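Each chain, letter by letter, is given below.
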Amino acid sequence: MSTRLAKGGRLIDRTAAVEFTFNGKRLRGYQGDTLASALLANDQMLVGRSFKYHRPRGIVASGPEEPNALVNLGSGARLEPNQRTTVTELFDGLESTSQNHWPSLEFDVGVLNNYAARFLPSGFYYKTFIHPRPFWKHVFEPIIRRSAGLGKAPTTGDADRYEQAYAFCDVLIVGGGVAGLMAARAAAKGGGRVILLEQSPQLGGRSPVDETEVEGKPVEAWLDAVEAGLRAMDNVTIRTRTTGAGVYDHGYVLADERVADHTPGDGRPKHRLWRIRAGRIITATGAIERPLSFAGNDIPGVMLAGAVRDFVAGYAVSPGDRTVVVTNNDSAYLTALALKAAGLDVPAVLDARDDATGALPETARAAGIRVLTGRAIAKVKGGKRVTGVAICAQAGEGAVLEEIDCDAVAMSGGWSPVVHLYSHCGGKLLWDEAISAFVPDPSRPPLNHDGSAMVEVVGAAAGHLDLGSILAADVSAGVETKGRRKEDARKTVSTSVTIPPIWVMPQGAPIAMRSKMWLDYQNDVKVSDVQLAAREGYQSVEHTKRYTTLGMATDQGKLSNINGLAVLADALGQEIPQVGTTTFRPPYTPVTIGALAGESRGEIFQPLRRTPMHESHEKSGAYFEPVGLWRRPYCFPRAGETHEQAVHREVLNTRSNLGLLDASTLGKIIVKGPDAGKFLDMLYTGVMSTLPVGKCRYGLMCNEQGFLSDDGVVARIDEDTWLCHTTSGGADRIHAWMEDWLQCEWWDWQVYTANVTEQYAQVAVVGPNARKLLQVLGGMDVSRESLPFMQWADGTLGGFPVRVYRISFSGELSYEIAIPASRGAAFWAACMEAGKALGAMPYGTEALHVMRAEKGFIMIGDETDGTVIPQDLGLDWAISKKKTDYLGKRGQERSYLASTDRWKLAGFETLDGSVIPDGSYIVADGTNGNGQRNTQGRVTSTYYSPTLRRGIAMGLLRHGPTRMGEVVEFNTVSGGTVKARVRDAVFFDKDGEKQNV
Amino acid sequence: MLTLECPYCGVMADETELSPGYEAHLKRFGPGASPEEFEAYMFARKNPKGVHFERWRHTYGCGKWFLAARCTATLEVFGTYPAQVSAPPADIIAKIQARRPNWQPDWQPDGKAPE
Amino acid sequence: MSDPVSALGGARFTGFADIREIGPVGMITLRGKGLKAFDKAIKTAVGTKVPAQRRIEVAGDKACGWMSPDEYLLVMPYAEVPKALAAIALALAGQHHLAVDVSDARAVFRVEGEKAADVLRKLAPADLDLMAPGELRRTRAAQVAVAFWQQDGGFTVVCFRSVAGYVMGLLRHSAMQGSELA
């Protein structure tokens, strides 16, 4: 059994007991424990089930590479699935539950898959669930979803908050082990800004467990001294609990700081995502131990040798009373010695190598440990827990020589340098024969903006697997912060460690054994699965990965990838470097969505643009709709009214009395200068240079392809100043469009622009009583004679400084009044108050749309979709025939756009008075090559007109303007059609008598 | 996530302060242009693996458009310069050739594209 | 007639830094380049010299900030904008320029306290360590454009009026107790 030892444990505080639960069971641990160490201390080796076969899964590692021991952490608004127990710091009240089992962890029905394993080979899903087709949706998928899957998704919003922060430095060091600390120490001396990131709560990496002294000092003393030295420097920032998650272009690094994972509810943000821009990046990310592939290597109790000694030394936890060590390298002897020193039993070290003569094996022998060379594990015995191992010769086919009872197995298949961050942005790797691992190729690093090496790798991550070679490599050389490192600054050092390529144990294992050798513990991929993929023709490691799901679990193959591709290479008869690795993609370890979203949540999920009258609309009970990032009132429903009823009331009231619209969102751009007229003549299809001061003119803007992009009324303010109104969503885009042409094409033209959209609140006063309202407010002459249609005037109304435009988008008598935004709310209130006796009601965007459609006015985004030219909409009158050029003119001359066969604007009224469905097409005879009904047009705007009490529509129809009176058919959602008569698009007050009073 | 120096305000701007604007140094063809010329202007964009010239706007900064010479394969930036030129200036060409000795401009000194 | 009101009516928040919406503040966008009497126009309007690239010149309750090679932001008490516009028009008469009142198009915040910079470090991709004294930085705060500079032991942050509520939300979130960056 696994248990807490009586003594030791450098990371735990035995005076601070902590209570937590696992599957409802109350357990105790200590401050400083990880959840994994605390579970082991409570003899809870079984912590989950595998994905496919639901096999029992125990803790296998001690760090972020853990594939098995994932739990649901917390509950309710603090539930987080798939949390790795090995990096979860224990705190009082921690709640955890195991996942991926049903009905219980101890008895799981999905384990039946295990007995059917030979019917669930790689590519099983692809092969099996294809036929019959409907079965996938109704039978297979629901069953698979029930039994598979990992943790539970939370059902409520997250109680915690997250944030992001930007940081800049000259040198960023990822990894706070000996190599990282040495690099930081050297970089800090250069005076530049240095940031050191360490994923765990403590600095030191593996050194406190695996080493005794560094640079002549005891390890702990050395670490304390270096850390203290760094912390005393103003130019150094150390961030622990912070994982360097991804390296991106030009020194951009994302790092996830787990600020309050271990102190939930203390008011601090749970995570902080750092967005770091570093001049240079040094990764000192260490190496991850590899499992060995032997039959039964997934049974709980089989652990990585390094993890075993981490638990013993760090947390005083023994994974078992009797531990067999199996290895292909010297490092695992440290585990045997650590167990022995803790008073535990090590029945044997099985070394696959023919001889083991290094210092560590000799020390182990001297300590009385039985060392068997040339030996392998033929089989691990046990179900939910290891009970023993059967030993065989590594060279043979697995004939059992001996059986040993034990309750744990510590394995080491060598070490793989963590090259992830180096590879994220294109750093290339080399295969190092000596240590059977991929290492960074310093001659092909990822590049920075100036073409220099962006990422440099030091320590075990560079293949220096022993302290001696890390020290010999002298990472301080060339780490000065400013300027480029000299290419020859770094010494070439080879590690003294050798790791032979032993990928399968025993070498000649038959299929029965190979189908029990796990590569990917979480996704249940075995040696036999990869070999099957190879037999079925998979050659690319990327394809094999996806076919077998090797390395596709939440651990992204940190333990399995190298072993898997070695097996694939062997099956294909190729060398490992030829087969290559799969692509390393960020993040290195999972980053929670909360951190990625940062502050973008709730009220500040995205910027909401509010007009100065927004608060007043809210009080009036307005129903808002998004228009770009603006929120505009769609309608102002009264008690008991539906939105539709409200819209109808607003339309009828505006047409018969008085309506008020908040038009503040309308784009307003000042264009000024000696060449402003010339510039606007290029921008608009019509002529703006001839517009007299004081007058307004409607204009169209097209892109260079000729397609209509925006419209609005232009007012001439003075001799060299124009004010261009744009659509509500278009102000920023059109302002940018103007600046683009002024800066990049006509930079010698004397024109300045300013986007003054937000300087003004704008109120449209619309309806037969509009003039009366302005007269009640008083202050300026707004009579028909003094302020005729399509003119503007400055003045005051009710004491407010205003600019009044006599323009109409509804067909009614209408004034649009611009007031400084800081007085917008007050002016709106004044209009509402003064309008009471005149029947004033606010109206929203939907009433606006209905009224403009009744008048046949086009709306950008309804009648246009980026493929429509003004000529399609019968707007030829707004296009100058005289101008030799305007933006879009050449585009419109293209034969397809100039064709007389284009779909053109017309009005439509259904014979039965109904409203044509949005998105309907006008059907034509026959079918096209795909068997679809031919079409000859489509609806662009369709509404119920409360004024006319029938459905009205605008749309595009082939030869539309020449087909007045003809009856066409629009398709409907239900599959039928609705008949409509083609007519003029102006449904209401064709002669404009209402607006021109 | 690139960093580009805005030549107007001198800021090393994070890509999130910028908006991309496609290929630089396009010559506008308006009315009277042949279909081929108009097609070249409107649609035929270069997409080299290597040295490329592109437009960027410092949208969240000074609002100005500038041009960048960049290697699309390695993301090395050779230089940025104001947009009011019809061809890359000589110092930018020199910087590119210092880093990519075999690279030659594909336009003629008068700014016209080769036939 | 009513008094002008700022976008949020002087909203405040106290976390590890103090956030205050101030204003309305008078602001003019002045565009022009290489003009005779440009220095005089700015001097008369706000009493400062023409700022160098990315700098803001402050004189009491007035200031002039460099926004781009041909754009300046003039800051002054709200009521003084018409007078300043008239002075600019006079000084630059007959020369190509643009001067417009943008006071109402903006919202202005003060972020104050020893760790005020930490609030902005969470929102803007700008290297605050390298900001020179008197530097005006135009950048973004999360998803919207802002400009800020250091003044009187804190930061003045300017954004568009319509997103004042969003920016207040950002500042509040970033200044919450317990989230200091140190």
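Rules used throughout
Residues numbered from 1 in each chain as written. Chains lettered and ligands numbered in written order. Predicted model: local features only at pLDDT ≥ 70, side-chain atom pairs only at ≥ 80, totals over all residues. Heavy atoms only, no water. Contact = heavy atoms within 4.5 Å. Buried area = accessible area lost by both parts, 1.4 Å probe. Salt bridge = Lys/Arg side-chain N within 4 Å of Asp/Glu carboxyl O. Helix = DSSP H or I, 4+ residues; strand = E, 2+ residues; numbered from the N terminus. Nonpolar A, V, L, I, M, F, W, Y, C, P; charged D, E, K, R; others polar. Polar contact = N/O pair within 3.5 Å; in protein donor to acceptor, adjacent residues only side chain to side chain. Pairing = 2+ DSSP bridges. Axes fitted to C-alpha atoms, helices over the stretch in contact; angles between N-to-C directions. Parallel < 35°, antiparallel > 145°, perpendicular 65-115°, else oblique. Left-handed = near helix turned anticlockwise from the far one by under 90°. Buried < 20%, exposed > 50% of the residue type's maximum accessible area, 1.4 Å probe, protein only. Arc of directions from axis to C-beta. pLDDT = per-residue confidence, 0-100. Domains from an automatic or database assignment. Disulfide = S-S within 2.5 Å. Core = buried A, V, L, I, M, F, W, Y, C linked by side-chain atoms within 4.5 Å.

Caption draft 1: Structural detail: the interface of chain B and chain A. Counting residues at the interface gives 32 residues for chain B, matched by 33 residues for chain A. The three residues of chain B that bury the most area against chain A are Met 1, Arg 28 and Pro 31 of chain B, which together make up 26% of that side's buried surface. Between the two partners, chain B and chain A, sit four salt bridges. Put simply, Arg 28 of chain B and Glu 704 of chain A hold a salt bridge, and the shortest N to O gap is 2.6 Å. The element contributing the most residues to the side of chain B that touches chain A is helix α1 (residues 35-42) of chain B, with four residues. In terms of residue class, the side of chain B that touches chain A is made up of 15 nonpolar, nine polar and eight charged.

Caption draft 2: Representation of the environment of Gly 798 of chain A. Mapped onto the elements, Gly 798 of chain A comes out in the loop between β42 (792-797) and β43 (800-805). Taking C-alpha positions, Gly 798 of chain A is 8.3 Å from Phe 827 of chain A, a pair spaced 29 residues apart along the chain.

Caption draft 3: Structural detail: the interface of chain C and chain A. Listed as interface residues are 48 residues of chain C and, on the opposing side, 47 residues of chain A. Where chain C abuts chain A, roughly 3900 Å² becomes buried across the two surfaces, and 54% of that area is made up of carbon and sulfur atoms. If you look at where chain C meets chain A, you find four salt bridges. Between Arg 193 of chain A and Asp 127 of chain C there is a salt bridge whose closest N-O contact spans 2.6 Å. Applying the counting criterion to the chain C and chain A interface returns 26 residue pairs in polar contact (both at pLDDT 80 or more). Of all elements in the fold, only β7 (98-101) and α4 (164-174) of chain C reach the threshold of two or more residues within the side of chain C that touches chain A. At five residues, the largest contribution of residues to the side of chain C that touches chain A is made by α4 of chain C.

Caption draft 4: Quick look at the sheet that holds strand β2 (residues 18-22) of chain C. Residues and elements named next belong to chain C. Within the open sheet, the six strands sit side by side as β1-β2-β8-β11-β10-β9. Their pairing is antiparallel. The open sheet terminates on both sides in strands that have one partner only, identified here as β1 (12-14) and β9 (136-141). Going across the sheet, the axis of each strand differs from the next one's by a mean of 25°, ignoring polarity. When β9 meets strand β10 (residues 144-151), the two strands line up antiparallel, connected through six bridges. The residue of β10 that forms the bridge with Thr 139 is Val 146. The sheet strands contacting α4 are β1, β2, β8 (106-112), β9, β10 and β11 (154-160), and the helix crosses β8 at an angle near 10°.

Caption draft 5: Main features of the packing of helix α14 (residues 527-535) of chain A against helix α16 (residues 561-572) of chain A. All names here are of chain A. Two numbers describe how α14 lies on α16: the axes approach to 9 Å, and their chain directions differ by 40°. Considering the angle they form, α14 stands oblique to α16. Relative to α16, the crossing made by α14 is right-handed. For the pair α14 and α16, contact is made by Val 527, Val 530, Gln 531 and Ala 534 and by Gly 564, Val 567, Leu 568, Ala 571 and Leu 572, respectively. Of the residues in the contact of α14 with α16, the class split is seven nonpolar, two polar and no charged.

Caption draft 6: Focus on helix α1 (residues 38-46) of chain C. Residues and elements named next belong to chain C. For α1, the complete set of buried residues consists of Phe 38, Ala 41, Ile 42, Ala 45 and Val 46. Down the axis of α1, the sector holding all buried residues measures 90°, keeping them to one side. Those residues of α1 that are exposed and angled more than 90 degrees off the buried face are Lys 40, Lys 43 and Thr 44. In this fold, the buried residues of α1 make contact with β3 (25-31), β4 (56-59), β5 (62-68), β6 (71-77) and α2 (81-91). Count one or two residues on from α1 and you reach Gly 47, which has phi positive near 75°.

Caption draft 7: Spatial organisation of the sheet that holds strand β7 (residues 80-84) of chain A. Residues and elements named next belong to chain A. Pairing in this open sheet of five strands is mixed, and the strands run β3-β2-β8-β6-β7 from one edge to the other. Only two strands of the sheet have a single partner each, and these edge strands are β3 (25-31) and β7. For this sheet, the mean inter-axis angle between neighbouring strands, taken without regard to orientation, is 40°. By the bridge criterion, seven bridges tie strand β2 (residues 13-22) to β3 in an arrangement that is antiparallel.

Caption draft 8: Summary view of the confidence of the model for chain A. Per-residue confidence for chain A gives a mean pLDDT of 93, with 94% of residues at or over 70. Long-range and interchain partners of residues 481-489 of chain A, a stretch whose pLDDT sits below 50, account for 17 contacts in this model, where long-range means more than four residues apart.

Caption draft 9: Expanded view of the pattern of salt bridges. Residue and element names in this part refer to chain A. Tallied over the full model, the rule gives 71 salt bridges over all chains. Glu 19 is the salt-bridge partner of Arg 28, the closest N and O atoms lying 3.8 Å from each other. With its nearest N and O atoms 3.0 Å apart, the salt bridge here joins Arg 206 to Asp 310. Highlighted residues: Arg 206 in the loop between β10 (194-197) and α6 (207-210) and Asp 310 in helix α8 (residues 305-315), separated in sequence by 104 residues. What makes Asp 310 buried here is its relative accessible area of 13%.

Caption draft 10: Representation of the domain arrangement of chain A. Residue and element names in this part refer to chain A. When cut into domains, chain A gives domain 1 (3-112), domain 2 (160-291 + 413-488), domain 3 (317-367 + 378-411), domain 4 (501-506 + 516-601) and domain 5 (900-997). Here domain 2 and domain 4 have C-alpha centroids that lie 25 Å from each other. Together, the buried faces of domain 2 and domain 4 total about 2400 Å²; carbon and sulfur atoms form 69% of this surface. When the area that domain 2 buries against domain 4 is broken down by residue, the three leading residues are Tyr 162, Pro 291 and Phe 438, summing to 24%. At the junction of domain 2 with domain 4, the criterion picks out five residue pairs in polar contact (both at pLDDT 80 or more). Contributions of two or more residues to the side of domain 2 that touches domain 4 are made by β9 (163-174), β14 (242-248), β17 (287-289), α11 (420-424) and β28 (429-432). Broken down by element, the residue count for the side of domain 2 that touches domain 4 peaks at five residues, all from β14. Counted by class, the side of domain 2 that touches domain 4 contains eleven nonpolar, eleven polar and six charged residues.

Caption draft 11: Examining the packing of α8 of chain A against helix α9 (residues 332-341) of chain A more closely. All names here are of chain A. Interhelical geometry of α8 versus α9 gives an angle of 30° and a closest axis separation of 8 Å. The angle between the axes of α8 and α9 places the two elements in the roughly parallel class. In this structure, α8 crosses over α9, and the sense of that crossing is left-handed. Mapping the contact onto sequence places Ala 305, Gly 306, Val 308, Arg 309 and Val 312 in α8 and Ala 332, Leu 334, Thr 335, Ala 338 and Leu 339 in α9.

Caption draft 12: Structural detail: the state of the cysteines. Under the criterion given, the structure shown has zero disulfides over all chains. With no disulfide partner, Cys 71 of chain B has as its closest neighbouring cysteine sulfur the one in Cys 425 of chain A, 13 Å distant.

Caption draft 13: Region of interest: the nonpolar core. In this structure, Ile 276 and Phe 294 of chain A are the most contacted members of the largest nonpolar core, which totals 129 residues. Setting aside residues up to four positions removed in sequence, Ile 276 of chain A forms contacts with Ala 167, Cys 169, Leu 172, Ile 195, Leu 197, Gly 251, Tyr 252, Val 253 and Ala 255 of chain A. The next biggest cluster of nonpolar side chains, apart from the first, holds 49 residues, and it includes Leu 4, Leu 75 and Ile 92 of chain B together with Ala 84 of chain C.

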